[in-house]
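Observations on the three-dimensional arrangement
Given next are the chains, with one letter for each unit.
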Amino acid sequence: MSKVKSSETVKVVIRCRPLNRKEEAAAAGVTRTPGGVGGIVEMDMRLGQVVLWNPHGPPGEPRKTFTFDSVYDPSSKQRDLYDETVRPLIDSVLDGFNGTIFAYGQTGTGKTYTMQGVWLEPERRGVIPNAFEHVFTQISRSSADRQYLVRASYLEIYREEIRDLLDPNMHAPHVPNVHTHTHHTLELRESPESGVYVRDLTSCVCKSVKEIQELMNLGNQVRSVGATDMNEHSSRSHTLFLITVECSLPGPDGRQHIRVGRLNLVDLAGSERQAKTGVHGERLKEAAKINLSLSALGNVISALADGRSGHVPYRDSKLTRLLQDSLGGNAKTVMVATLGPAPQHYEETLTTLRYANRAKNIQNQPRVNEDPKDALLREFQKEIAWLRAQLSHREGRGKHRKEEGEEGWDGEGDEEVEKERTLQEGRLEEEKEAIREDGSLLAEEKQRLLGEKERMMGDLKKEWDATEQLTAKYKAMESKLLVGGKNIMDHTNEQQKTLEIRRQEIAEQSRREREIQQQVMVQDEETLELKETFSSLQQEVEAKTKKLKKLYAKLQCVKAEIQDVNDEHVRSRQELEQTQNQLTRELKFKFLIIENFIPLEEKNKIMNRLTFDPEEDQWKFTPLVPAESQFSQMKKRPASAVGYKRPISQYARVSLAMGAHSRYRAENIMFLELDMTHPTTVSLDHRPSEVGPNYSPYPTDNVPHRERAARVRMSRSWCQTPRAITSSTSTVSLATHSTATPTAAQ
Ligand code: ADP
Ligand code: MG
């Protein structure tokens, strides 16, 4: 599988955004500082250096200097970053390497601007749109013996849950708030072939820049629909746009080989410290989860940069597992760390620079992914070949084939196929006509022959329809494959192409220049001593004093650095302790409730059903019934003896069968209401004679007639609006029912 095996470091570049209006206003009247008025960052693009100035520090405090692969100051253009840093990476992806670009930095420093930029303005388009353009342009310029298949996926990690932003269900209009749909969270899986991947992630085949842009828009819409506060949400979630480019090309052995390059475009959550102190319960858990991925990423980077610790904690978070290959594995990786120049963010800026500085030391082992088993392109090619064979077989069966078309189905000439079809149909029609006209045939014979022709016609039609379907499928599949220089038109003219090449050359040159400069700088320091020959003692003392001063300054820097790192360590430790205390307190609270309010046997029942899922990092209930027998054991809703949903009187059944009034569709037999008659009280000393001959324990005349009748009466049909039923109608209806039933039943 591997072809080119080598080791290279993660490329780290720094980008500083300009001061925004608010910061500029705040800086008005401030004397000039590095990075312009009010800024604290100074950049040397030629050397690839960032100098940071502490606005709160004592006047003599040395500035902090960091060196990176390249740095981009506030005046730099999107195009500069792309041509110099990203372009070589995308080219590698097209050659079958894995590539990753991730933007890291505090919220509001330009991560999204760098990755996406402003789509509608070509000058301000970010890495992602430029990469789309680049991929498809390169395909259009490649040789015709190459076939490509480009796929894209888009996902988001929010609170340690993975969400598929291209999930077709998410785009259904009836989903009001996708983030409440917990079943949309996806799981991570690992396979020896393709490493860590997201199970059931939607992946869409793209044929052009437009299509892939539409996908991105669709995903972005889902993000904003789900988030109540988009700003808040985007600064707390990580997004990953994944492009897979599969390319089949003839190898030296004459056979077709497939290379698969995967490109991860990652826009991370804001790296600022989430306040964990002073929040409780759900909010605490949320705060802990938000930064989990980022702190896990930091730990992974530290472990890798350190190189000594054998264990790299990839499994600590979803993000680090997804980026496992990109950090210390089979990928070429670029990290863009973004900064803001405002003094109030000094601490965060310094943290970002330190983070980035550490990442420089990570060694990756990128290699070309050749002929992986799970290449989709291979499947496509097989399917297409099969369809082709089917079609040419069908064509071969056609009676009137042109001789020259023997070598197989050419997949073209829609009109010809259509012509052939009308021709055959016309012939059959003619034959039918001839039979009809033929006076020498008996009527019976004529009928039989006509029937036969009719059947032939039917068969022919079926055959053609099947072929049509196959052709449609074939075309759909083939259109998804991009052939080098064929499917996409390259609209750039020669002049533009030359310009592009020039620009790339310049970018390449300045990159090399910077590398050499950096090397020279390092060497200078080492060889200074060797070169120096001193003519006098005095000179020697002077030179050595100078050197001593320089080294002393350096020592101070390192000491300050150590102090800083220690402080940071102490701070994060304190925070962790605080979090732990809060969690312990909460745990005690929960225990108290459980001990005092939940009966022991209930608690045990629950405890026995709980199992821990290490993959999901969660406790789960084992279902009471095993999953597979769940359906078979589910009780069916009871039906009435004759199979209706509810009991229906015989009369209603008959009416239903006869299509009578809808009133009897589902008639309940009886409707019982509370008897609300006034209690009849008769004083005990009343003798019957005094009460009179009409006495009965139930009052008759003094109680309204209708209440009596309502005690037992036919219920109203469920579909009728309730209305007052007069005594006469209810008694009548009772009577008519009892008499009508037997007659209707007959
Ligand atoms: P993040 O994604 O890191 O939170 P954004 O990319 O949303 O930050 O940037 C915040 C603001 O700063 C946006 O309005 C963006 O247009 C602006 N911005 C960021 N970087 C630059 C830059 N290099 N040049 C000009 N404007 C920038
Ligand atoms: Mg952003």
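Residues numbered from 1 in each chain as written. Chains lettered and ligands numbered in written order. Predicted model: local features only at pLDDT ≥ 70, side-chain atom pairs only at ≥ 80, totals over all residues. Heavy atoms only, no water.

This part takes up the overall build of the protein chain. A count of helices and strands for the protein chain gives 21 helices and 22 strands. When burial is assessed residue by residue, the protein chain has 37% of its 746 residues classed as buried. For the protein chain, the proportion of contacts with a sequence separation of at least 24, taken over those separated by at least 6, is 69%. For the protein chain, the exposed area adds up to about 45300 Å²; of that, 54% sits on carbon and sulfur atoms. (Helix = DSSP H or I, 4+ residues; strand = E, 2+ residues; numbered from the N terminus. Buried < 20%, exposed > 50% of the residue type's maximum accessible area, 1.4 Å probe, protein only. Contact = heavy atoms within 4.5 Å. Areas by Shrake-Rupley, 256 points an atom, 1.4 Å probe, with all protein chains shown as cover.)

Another aspect to go through is the packing of aromatic side chains. Taken as a whole, this structure holds six aromatic pairs when the rule is applied. Ring plane angle 50 degrees and centroid distance 6.2 Å describe the contact between tryptophan 119 and phenylalanine 132, whose orientation is recorded as tilted. In this pair, tryptophan 119 sits in the loop between α3 (111-115) and α4 (127-141) while phenylalanine 132 sits in helix α4, placing the two residues 13 residues apart along the sequence. Judged by its relative accessible area of 19%, tryptophan 119 is buried. Given a relative accessible area of 0%, phenylalanine 132 falls into the buried group. Centre to centre, the rings of phenylalanine 132 and phenylalanine 241 are 5.4 Å apart; their planes meet at 50 degrees, and the pair counts as tilted. Placement of the pair is phenylalanine 132 in helix α4 and phenylalanine 241 in strand β16 (residues 237-250), with a sequence separation of 109 residues. (Phe/Tyr/Trp six-rings, centres within 6.5 Å; stacked < 30°, edge-to-face > 60°.)

Formed by 49 residues in total, the largest nonpolar core has its most connected members in Ile14, Val50, Phe68, Leu297 and Met335. Setting aside its immediate chain neighbours within four residues, isoleucine 14 contacts Met43, Val50, Phe68, Ser70, Val71, Tyr72, Ala337, Leu339, Leu353 and Ala356. By size, the runner-up hydrophobic cluster in this structure holds 42 residues, among which are Val93, Ile128, Phe136 and Met216. (Core = buried A, V, L, I, M, F, W, Y, C linked by side-chain atoms within 4.5 Å.)

What follows covers the sheet that holds strand β5 (residues 41-44). Read from one edge to the other, the open sheet built from three strands follows the order β5-β6-β7, with strand pairing classed as antiparallel. In this open sheet, the two strands that pair with only one neighbour each are β5 and β7 (64-67). Going across the sheet, the axis of each strand differs from the next one's by a mean of 20 degrees, ignoring polarity. The pairing of β5 with strand β6 (residues 49-52) spans four bridges and is antiparallel. Directly across from methionine 43, in β6, lies its bridge partner valine 50. (Pairing = 2+ DSSP bridges. Axes fitted to C-alpha atoms, helices over the stretch in contact; angles between N-to-C directions.)

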